[in-house]
Amino acid sequence: MGQKTLGPVRRSFAPWLDPQAKPLIRFENVTKRFGDFVAVDDLSIDIYEREFFALLGPSGCGKTTLLRMLAGFETPTEGRILLDGKDVSRVPPYRRPVNMMFQSYALFPHMSVEANIAFGLKQDGMPKADIAARVEEMLKLVKLEQFAKRRPHQLSGGQRQRVALARSLAKRPRVLLLDEPLGALDKKLREATQFELTDLQQELGMTFVIVTHDQEEAMTVADRIAVMDHGKMVQVATPSEIYEQPASRYVADFIGDINMIEGRIEASGEGRTRFRSEALGLTADVLDATPIGVGETSWLAIRPEKVSVSHEPPADTSVNAVEGEVWDIGYLGDVSIYHVRLAGGKTIKATRANVTRLIERPITWDDKVWLSWSPDAALVLAA
Amino acid sequence: MRKGPSWFNVVSITLGFVFLYLPILLLVVYSFNESRLVTVWAGFSTKWYGEMLRNQALMDAAWVTVRVALLSASVATVLGTLGAVTLTRFGRFPGRTMFSGMIYAPLVMPDVILGLSLLLMFVAVGLDRGFWTVVLAHTTFTMCYVAVVVQSRLVAFDRDLEEAAMDLGCPPMKTFFLITLPIILPAVVAGWMLAFTLSLDDLVIASFATGPGATTLPMKIYSQVRLGVTPEINAVSTVLIVIVTIGVIIASVTTKRQEVARQKAERMAAAAP
């Protein structure tokens, strides 16, 4: 679709970096309590026009509550929610220019596909001819023209999902909220639909806020991801920043796979940090200034795909290296994961892409190997 | 393992059905009896059906019964549905547990006590007993049955549907009529039919609540039987049985058809890409 031409525009899209930019949605110190349980804890966030924003976290982290407050199904216990600069905290859902796509799709079973899509337009008192035109446009958008007269139970899961999407888009809301929209689809269909969603969002130029517990989904669709934990926002950043520069061990661990080695800062300065783990007899240089003081406990974090495995120690001495023994190999088809046990008993994971079709791998069980990574591959985390 | 029913199954099912239907069958057979004596067979005749239609008192009682049943079932359905919605929807409010417990009470309360308490209240308020007090009494006790039937449907109701409607700009009251009610309608109709039949065959509560000029069919039949059973009563009862049977058959056939059609549509949808 239009994604290719929009690509360069997309790359420069970063209103959150512009201090002049006005947010479309603003959560101001929002707290939501259910009895003693704090679902959302003093949370503030700005979401900008045309942004695809993902709320990511494990179940019970408060992401759905946040979305439901934006839709108007819950009112904040404390704080304010601003939409276009106006306080909407206490505006009921049926008066908000915000629409939601439900995880269960919530299609009205007693209405045809057409009537489902037209429902919201009818509530606005739109003239009949305009409703018909809009419904047709929406059906075309989700490629369901020939299913207009069907009832929801006569559709497959993927088709229902598209009807739900069309219905929530029909009113052209200021913000579209998506609550685990692809959770009920199988893996292949889900991946295809993720790309369709981003294409659609760019085509329509609308603001999307998605709730998901699937980190791959968040990384695929979103401009920015907010990682949540226990009602707090842990980190808000672009997918690559979240992956490459996680702010804490929680984020690093939640997004993707990562090796975490406990140790101390031996020296730091001039944008470099020297990390030392006595237990593993490992010293590593990290190309990253850290606010953590010398001698303090910290963790070296490194992603498995950034660790190389070889029989020989690396020739380049500026590269960090440590010796170990292959403990286990997980063959996943596209990559293999090597579990390498170091002298101190700690296991480090390293992935290698299987670039040839040879079944016999050069590195195998019980081999003595060297793990190595360049100083810009790892980072040091405090907590 | 042997296929098919064992002799034990055959005997128990036969005994069960004989136990259930033999008295009804006898009643139907004797309604076509020529003889005036209920227990002596004297040849086939439909004359008692003619007699029945000419018996003005019996026809009046039937008409009162139908009117009471229609009115009380309709009012009870509205009240019972509202009660069920309140108890399942409005979250926690003080006394919710008490109210949901209390809605079941008339289901297990003896009819005599219910009838007596209604009578006492009508007397205390100074209401003239007659047609309207019977309607009131029947509304009171059938309402609970409606509430229970509708409540069981509402518990399984997907609340996302209501939220989706509100999200699309539909205020709560309108959402109830456009979304909730059409979806729970089968339960509401079932509740109405239950209330209608309960009112139709109630004797005890009606006897307490009624006054001069408002005799229901069960009361009429009961008082006549005390003077001696006539084949006329058999004829009336047979008509009642036929009406109820037809109603039950229509209801079950339509629900079965809907179910089959829905399953077929779902299979087709699942097979489609």
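Novice: Quick question: what am I supposed to make of the sheet that holds strand E16 (residues 320–331) of chain A here?
Specialist: Sheet strands associate in pairs through backbone hydrogen bonding, adopting either a parallel or an antiparallel arrangement. Residues and elements named next belong to chain A. Taken together, the five strands give an open sheet; going across it, the order is E15-E19-E16-E17-E18, and neighbouring strands pair in antiparallel fashion. Bordering the open sheet on either side are strand E15 (308–310) and strand E18 (347–353), each of which pairs with just one other strand. In this sheet, neighbouring strand axes are inclined to one another by 45 degrees on average, regardless of whether the strands run parallel or antiparallel. Sheet topology note: the E15/strand E19 (residues 368–373) ladder contains three bridges and is antiparallel. Of the residues in E19, the one forming a bridge with Ser-310 is Trp-370.

Novice: Help me out: how do you make sense of the domain arrangement of chain B in this one?
Specialist: All names here are of chain B. The domain boundaries assigned to chain B delineate domain 1 (23–54 + 231–273) and domain 2 (60–228). Taking the mean C-alpha position of each, domain 1 and domain 2 sit 25 Å from one another. Taking both sides of the interface into account, the surface hidden between domain 1 and domain 2 amounts to around 480 Å²; carbon and sulfur atoms contribute 88%. Contact with domain 2 buries area across many residues of domain 1, yet Ile-233, Val-236 and Leu-240 alone supply 68% of it, more than any other trio. Inspection of the region where domain 1 meets domain 2 yields zero salt bridges. Inspection of the domain 1/domain 2 interface yields zero residue pairs in polar contact (both at pLDDT 80 or more). Tallied by class, the residues present in the side of domain 1 that touches domain 2 amount to four nonpolar, no polar and no charged.

Novice: So what exactly am I meant to see when it comes to the packing of helix H3 (residues 113–123) of chain A against helix H5 (residues 157–169) of chain A here?
Specialist: Each packed pair of helices is defined by two parameters, the angle between the axes and the distance between the axes. Residue and element names in this part refer to chain A. Between H3 and H5, whose axes approach to 7 Å, the crossing angle comes to 25 degrees. Relative to H5, the element H3 is oriented roughly parallel. Once H3 is placed against H5, the crossing between them reads as right-handed. Two secondary-structure elements touch here, H3 through Val-113, Asn-116 and Ile-117 and H5 through Val-163, Ala-166 and Arg-167. Here the residues of the contact of H3 with H5 are counted per class, giving four nonpolar, one polar and one charged.

Novice: Would you mind showing me how to read the pattern of salt bridges here?
Specialist: Between side chains of opposite charge, a pair can form when the charged atoms approach closely. All names here are of chain A. As enumerated under the stated definition, the model contains 23 salt bridges over all chains in all. Salt-bridge contacts for Lys-232 lead to Asp-41; the nearest nitrogen and oxygen are separated by 3.5 Å. Taken together, the residues Lys-232 in strand E10 (residues 232–237) and Asp-41 in strand E2 (residues 37–47) connect sequence positions 191 residues apart. A relative accessible area of 40% places Lys-232 in the partly exposed class. For Asp-41, a relative accessible area of 28% puts it in the partly exposed group. Two residues, Asp-214 and Arg-190, come together in a salt bridge whose shortest N-O distance is 3.9 Å. Within this pair, whereas Asp-214 is found in the loop between strand E8 (207–212) and helix H7 (215–221), its partner Arg-190 is found in helix H6 (residues 187–204), the two being separated by 24 residues in sequence. Overlapping salt bridges, with partners in common, bring together Glu-49, Asp-84 and Arg-174 in one network.

Novice: I keep staring at the pairing of E10(A) and nothing clicks. Help me out?
Specialist: Across a regular strand the side chains alternate sides, sitting on one face of the sheet and then on the other. Direction of pairing for strand E9 (residues 224–229) of chain A relative to E10(A): antiparallel, over a ladder of five bridges. Note on E10(A): the bridge partner recorded for Ala226(A) is Val236(A).

Scoring rules and cut-offs
Residues numbered from 1 in each chain as written. Chains lettered and ligands numbered in written order. Predicted model: local features only at pLDDT ≥ 70, side-chain atom pairs only at ≥ 80, totals over all residues. Heavy atoms only, no water. Pairing = 2+ DSSP bridges. Helix = DSSP H or I, 4+ residues; strand = E, 2+ residues; numbered from the N terminus. Axes fitted to C-alpha atoms, helices over the stretch in contact; angles between N-to-C directions. Domains from an automatic or database assignment. Buried area = accessible area lost by both parts, 1.4 Å probe. Salt bridge = Lys/Arg side-chain N within 4 Å of Asp/Glu carboxyl O. Polar contact = N/O pair within 3.5 Å; in protein donor to acceptor, adjacent residues only side chain to side chain. Nonpolar A, V, L, I, M, F, W, Y, C, P; charged D, E, K, R; others polar. Parallel < 35°, antiparallel > 145°, perpendicular 65-115°, else oblique. Left-handed = near helix turned anticlockwise from the far one by under 90°. Contact = heavy atoms within 4.5 Å. Buried < 20%, exposed > 50% of the residue type's maximum accessible area, 1.4 Å probe, protein only.

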